[in-house]
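Coordinate analysis (summary)
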Amino acid sequence: MARLAQTAGLTDIQQEILSTVRDFVDKEIIPVATELEHRDEYPQQIVDGLKELGLFGLMIPEEYGGLGESLLTYALCVEEIARGWMSVSGIINTHFIVAYMLKQHGTQEQKDHFLPRMAAGDIRGAFSMSEPGLGSDVSAITSKAVKDGDEYVLNGQKMWLTNGGTSSLVAVLVRSDEGHPEGTAPHKSMTTFLIEKEPGFGEVRPGLTIPGKIEKMGYKGVDTTELIMDGLRLPADRVLGGVTGRGFYQMMDGVEVGRVNVAARGCGVAQRAFELGVQYAQQRHTFGKPIAQHQAIQFKLAEMATKVEAAHAMMVNAARKKDSGERNDLEAGMAKYLASEYCKEVVEDAFRIHGGYGFSKEYEIERLYREAPMLLIGEGTAEIQKMIIGRRLLEEYRFQG
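If you're wondering where the values come from, they're calculated on a predicted model, not measured in any experiment.

What counts and what doesn't
Residues numbered from 1 in each chain as written. Predicted model: local features only at pLDDT ≥ 70, side-chain atom pairs only at ≥ 80, totals over all residues. Heavy atoms only, no water. Domains from an automatic or database assignment. Contact = heavy atoms within 4.5 Å. Buried area = accessible area lost by both parts, 1.4 Å probe. Salt bridge = Lys/Arg side-chain N within 4 Å of Asp/Glu carboxyl O. Polar contact = N/O pair within 3.5 Å; in protein donor to acceptor, adjacent residues only side chain to side chain. Phe/Tyr/Trp six-rings, centres within 6.5 Å; stacked < 30°, edge-to-face > 60°. Helix = DSSP H or I, 4+ residues; strand = E, 2+ residues; numbered from the N terminus. Buried < 20%, exposed > 50% of the residue type's maximum accessible area, 1.4 Å probe, protein only. Core = buried A, V, L, I, M, F, W, Y, C linked by side-chain atoms within 4.5 Å. UniProt positions renumbered as here; feature names shortened; annotations may be inferred.

Section: the domain arrangement of the chain
- The domains assigned to the chain are domain 1 (12-120), domain 2 (125-244) and domain 3 (249-397).
- Each of domain 2 and domain 3 has a C-alpha centre, and these two points are 30 Å apart.
- Across the contact, 15 residues belong to domain 2 and 13 residues belong to domain 3.
- Roughly 1,100 Å² of surface becomes buried between domain 2 and domain 3 when both sides are summed, with 65% attributable to carbon and sulfur atoms.
- At the surface where domain 2 touches domain 3, the tally comes to zero salt bridges.
- Applying the counting criterion to the domain 2 and domain 3 interface returns four residue pairs in polar contact (both at pLDDT 80 or more).

Spelled out as structure tokens, the structure:
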């Protein structure tokens, strides 16, 4: 197991961080994950432990109280955490997307106001693009912000908000036609607003309601909600970056980080599924010997390990590309697509190795089997990733005839 998904070229600091996270996962997450997941219980004690480790400030610059680490370090930490319980990695993912967007696009006042408290874990972030009738068509957003003096009034309904209840800061993408004449391309008339709120459900500030949790097949523990804005008033200084019309580009930049994160989650879940499969195959006996000695099972294990290794390599490449300052939408799309598909396949093979016991809630693979499908959808479906990949390939390999 230790030979799979190794990463060359890490610094001593990176290795120390990963070792600390791995120990935390083995001791504090894996032993309780299945029980908490079956109860759909928010893992407060685990989150408090991550806060003590400083993980909420992992990618936030040192000048704001964070650790100032790279996307690669963050992705490798997410991989370890998802190996323990994918829902926990979801709790920190949206937090870091918002922190990244603030770091890259926020005004100095916004950075000074939010980032130190986000680094300490005192403010938890969430972000929202999707709406009930939206799907993958971000240009069809109907939620709207209208200028009213020195404020904006926001109305609309958002959907699939990870950490919607537990967060205290939400980055929300809405339409803002102010300054954008009729006929402007939809993606050029969108703005990201920073909404501060109280954690919890119900009316969390005047004009803003977070209904109860959406019941899900998997990905439990973490709260997934709607967000309803009804006359929500925000000052102009809560426009991310201080200028309207840039929200789509800001969100897409954040989603690239999110896609690397989802790829890392797929790698982590696949690793755990392989671990469970290879362990069970050596313990379970049929026809007088461990099933691991049957060629059919060995073939499965070989395919599973190869997929774990390939997905990890692509995820690392995408993270390093982003860290270099280069455009990485092609690499992030490929990594997210491959890792999520391979994760589903590795989990299913581990499930098959377990036989009838895989269907029992007593075995951890049952939980992984319900968690893996979320990765096929989160941060863009496989079809969306293929569109991104295809378009970028045509840009790179443009025919010059």
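Having seen it, we continue.
Some thoughts on the packing of aromatic side chains
- Tallied over the entire structure, the rule returns six aromatic pairs.
- Summarising the aromatic geometry, the rings of Tyr152 and Phe193 are spaced 5.2 Å apart at their centres and angled 65 degrees between planes, so their arrangement reads as edge-to-face. With Tyr152 in strand S3 (residues 151-162) and Phe193 in strand S5 (residues 190-196), the pair connects residues that are 41 residues apart, well separated along the chain.
- The class for Tyr152 is buried, based on a relative accessible area of 5%.
- With 6.2 Å between their ring centres and 85 degrees between their planes, Tyr280 and Tyr363 make a pair best called edge-to-face. One end of the pair, Tyr280, is in helix H6 (residues 247-283); the other, Tyr363, is in the loop between helix H8 (329-354) and helix H9 (364-375), with 83 residues separating them in the sequence.
- Given the relative accessible area of 8%, Tyr280 is considered buried.
- Members of the aromatic cluster, connected to one another through ring pairs, are Tyr280, Tyr357 and Tyr363.

Focus on the nonpolar core
- Core analysis: the largest hydrophobic core is formed by 77 residues, its most contacted members being Ile29, Leu50 and Ile81.
- Of all the secondary structure elements, the ones that give two or more residues to this core are helix H1 (12-39), helix H2 (44-53), helix H3 (71-84), helix H4 (86-105), H6, helix H7 (295-323), H8 and H9.
- Both domain 1 (12-120) and domain 3 (249-397) contribute no fewer than three residues apiece to this core.
- Setting aside chain neighbours within four positions, we find Leu50 in contact with Phe24, Leu55, Phe56, Ile81, Val88 and Ile92.
- Core analysis: the next-biggest nonpolar cluster, separate from the first, contains 25 residues, Met101, Leu102, Phe127 and Ile141 among them.

Examining the UniProt feature "domain: Acyl-CoA dehydrogenase/oxidase N-terminal" (unreviewed entry) in the chain
- UniProt's feature table lists "domain: Acyl-CoA dehydrogenase/oxidase N-terminal" (unreviewed entry) at residues 11-122, given in the numbering used throughout.
- A helix fraction of 75% and a strand fraction of 0% characterise residues 11-122, whose end C-alpha atoms lie 29 Å from each other.

Concerning the pattern of salt bridges
- Tallied over the entire structure, the rule returns 33 salt bridges.
- Here Lys344 ties to Glu341 by a salt bridge, and the two come within 3.8 Å at their closest N and O atoms. A residue pair is termed a helical-turn pair when its members lie 3 or 4 positions apart in one helix, as Lys344 and Glu341 do in helix H8 at three residues.
- Lys344 sits in the partly exposed class, given a relative accessible area of 32%.
- With its nearest N and O atoms 2.8 Å apart, the salt bridge here joins Arg352 to Glu348. Of this pair, Arg352 and Glu348 both sit in helix H8, four residues apart, which is roughly one turn of that helix.

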